[in-house]
Amino acid sequence: MKKYLCLGCGFSYDEALGLPEHGIAPGTRWADIPDNWVCPDCGTPKSGFEMVEIPYSSEARPA
Amino acid sequence: MSVRFVLRAAERGFSRLVSTGINATYVAGHPDGVITRHSSFNFHEYQSGIPGFGNIRVFGDEVFSPGGTGYNMHPHHNFIIMAFVLGGALTHVNTIGKVDTLKAGDYYVFSAGSGGKHAELNIDREDAHIIYLWVLPGLLLAPPSYLRNRFNAAASANRITCLVGDEKGALPIGQRLKVSRLVSDAGRTHLYRPASANGLYAFVLEGEAEIAGTVLRRRDSISLEKEERVDIVALAADTDLLLVETKL
């Protein structure tokens, strides 16, 4: 399970968590998200995300 | 010794954003607001350049015209956004609850973390000149934070001065990253020692310098890796450099 960061604004997508509020179920692989999907916060295209290996802050509540 | 790239001033990405038309909501200032942005790395529409260097993703050399020009309130997560004001005045507003006005020498570190918005405005009567630096965070979704400080060029003359990083008097950033500034007389040589395995991105704000054997003019930049010692020679009076050390 990988994490991706929007290079337009920093919004993060976590495959493990998905984005249920935006219709993407937990466990959805990045590759399975449509190519025309855009950042829900800033509209940056999917191609403008970068895979990151950065751990969560202990104070984060990513879900 | 290894030079990753040399980026000349004119090779950078260039955007000119106006406060009317398609960007009327994003760009503040009316009716004649103009932002000019030179990007060292891929950013927004500029996607033909260098993707980044270490944890650096944005290095923007920007000018906001007077009359309220800048960026209206917009959202961020995670990125640590820094602004170094070179001239004029920048008013920063954020959702942590801070309204701040920064002038030449002032700088801030805004960590968007779990989510925050900010506006960047020039409500002064002259152009605002700002360097924006975005870096990846050490941890995702950390509590948002805002810190500001001032670089005193007169008191720091001829000395590499740490602005951001794990040094006394600098703003902390919670990762192995350091931003320093050097204002030097002509003819002086300075030694920069990156921590083991770190890279260095050096940008000439003003003047001219020879860095690791390469002559760089105003707004040129260079990135270096696998260097234990970086020799910096100021070639012009009041040469002014911004140095970003990052893990690679």
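Residues numbered from 1 in each chain as written. Chains lettered and ligands numbered in written order. Predicted model: local features only at pLDDT ≥ 70, side-chain atom pairs only at ≥ 80, totals over all residues. Heavy atoms only, no water.

A. The overall build of chain A, seen in detail. When its secondary structure is counted, chain A shows 0 helices and 3 strands. Starting at the N terminus and ending at the C terminus, chain A contains elements arranged as β-β-β. Taking 2.2 N^0.38 as the reference for a compact globule, 63 residues should give roughly 11 Å; the C-alpha atoms of chain A span a radius of gyration of 11 Å, in line with that estimate. Expressed along its principal axes, the backbone C-alpha trace of chain A runs to roughly 35 × 25 × 20 Å. (Helix = DSSP H or I, 4+ residues; strand = E, 2+ residues; numbered from the N terminus. Rg over C-alpha atoms; globule rule 2.2 N^0.38 Å.)

B. Local environment of the packing of aromatic side chains. Taken as a whole and judged by the stated rule, the model has 19 aromatic pairs over all chains. Both rings, one in Phe5(B) and one in Tyr201(B), keep their centres 6.1 Å apart while their planes meet at 45°; by these two values the pair is tilted. With a gap of 196 residues between them, Phe5(B) in strand S1 (residues 2-7) and Tyr201(B) in strand S17 (residues 198-206) connect regions that are remote in the sequence. One exposure class covers both Phe5(B) and Tyr201(B), and it is buried. Between the aromatic rings of Tyr108(B) and Tyr146(B), the centroid separation amounts to 5.3 Å while the plane-to-plane angle is 40°, which identifies the pairing as tilted. You can see Tyr108(B) sitting in strand S10 (residues 106-111) and its partner Tyr146(B) sitting in strand S13 (residues 145-150), a full 38 residues away along the chain. Comparing Tyr108(B) with Tyr146(B), the two get one shared label, buried. Between Lys3(A) and the ring centre of Tyr56(A), over which it is positioned, the NZ or CZ distance is 4.4 Å. One cation-aromatic arrangement involves Lys46(A) over Trp30(A); the distance from NZ or CZ to the ring centre is 5.4 Å. (Phe/Tyr/Trp six-rings, centres within 6.5 Å; stacked < 30°, edge-to-face > 60°. Buried < 20%, exposed > 50% of the residue type's maximum accessible area, 1.4 Å probe, protein only. Lys NZ or Arg CZ within 6 Å of the ring centre and 35° of its normal.)

C. Here's a closer look at the confidence of the model for chain B. Confidence in the prediction of chain B, expressed as mean pLDDT, is 96, and 100% of residues score 70 or more. Here the predicted complex scores 0.97 on pTM and 0.95 on ipTM. (pLDDT = per-residue confidence, 0-100.)

D. Expanded view of the interface of chain A and chain B. At the interface, 18 residues of chain A touch 17 residues of chain B. Both sides together, the interface formed by chain A and chain B hides about 1,400 Å², and carbon and sulfur atoms give 65% of it. With a shortest N-O distance of 2.8 Å, Glu50(A) and Arg57(B) are connected by a salt bridge. Counting the contacts that link chain A with chain B gives 7 residue pairs in polar contact (both at pLDDT 80 or more). Per-element tally for the side of chain A that touches chain B: the top contributor is strand S1 (residues 3-6) of chain A, with 3 residues. Residues belonging to the side of chain A that touches chain B are distributed by class as follows: 10 nonpolar, 4 polar and 4 charged. (Contact = heavy atoms within 4.5 Å. Buried area = accessible area lost by both parts, 1.4 Å probe. Salt bridge = Lys/Arg side-chain N within 4 Å of Asp/Glu carboxyl O. Polar contact = N/O pair within 3.5 Å; in protein donor to acceptor, adjacent residues only side chain to side chain. Nonpolar A, V, L, I, M, F, W, Y, C, P; charged D, E, K, R; others polar.)

E. Inspection of unusual backbone geometry at higher detail. Residues and elements named next belong to chain B. With an omega of 0°, the peptide bond between His30 and Pro31 qualifies as cis. The topology assignment puts Pro31 in the loop between strand S3 (27-28) and strand S4 (34-39). Not every positive phi belongs to a glycine, and Asn158 is a case in point at roughly 60°. Among the structural elements, Asn158 can be located in the loop between S13 and strand S14 (161-164). The phi torsion at Ala212 lies on the positive side, around 45°, for a residue other than glycine. Relative to the elements of secondary structure, Ala212 occurs in the loop between strand S18 (209-211) and strand S19 (214-216). With a relative accessible area of 14%, Ala212 lands in the buried category.

F. How the structure looks around the environment of Ile56(B). Residue placement: Ile56(B) occurs in strand S5 (residues 56-64). Along the primary structure Ile56(B) and Tyr132(B) are separated by 76 residues, whereas in three dimensions their C-alpha atoms are 11 Å apart.

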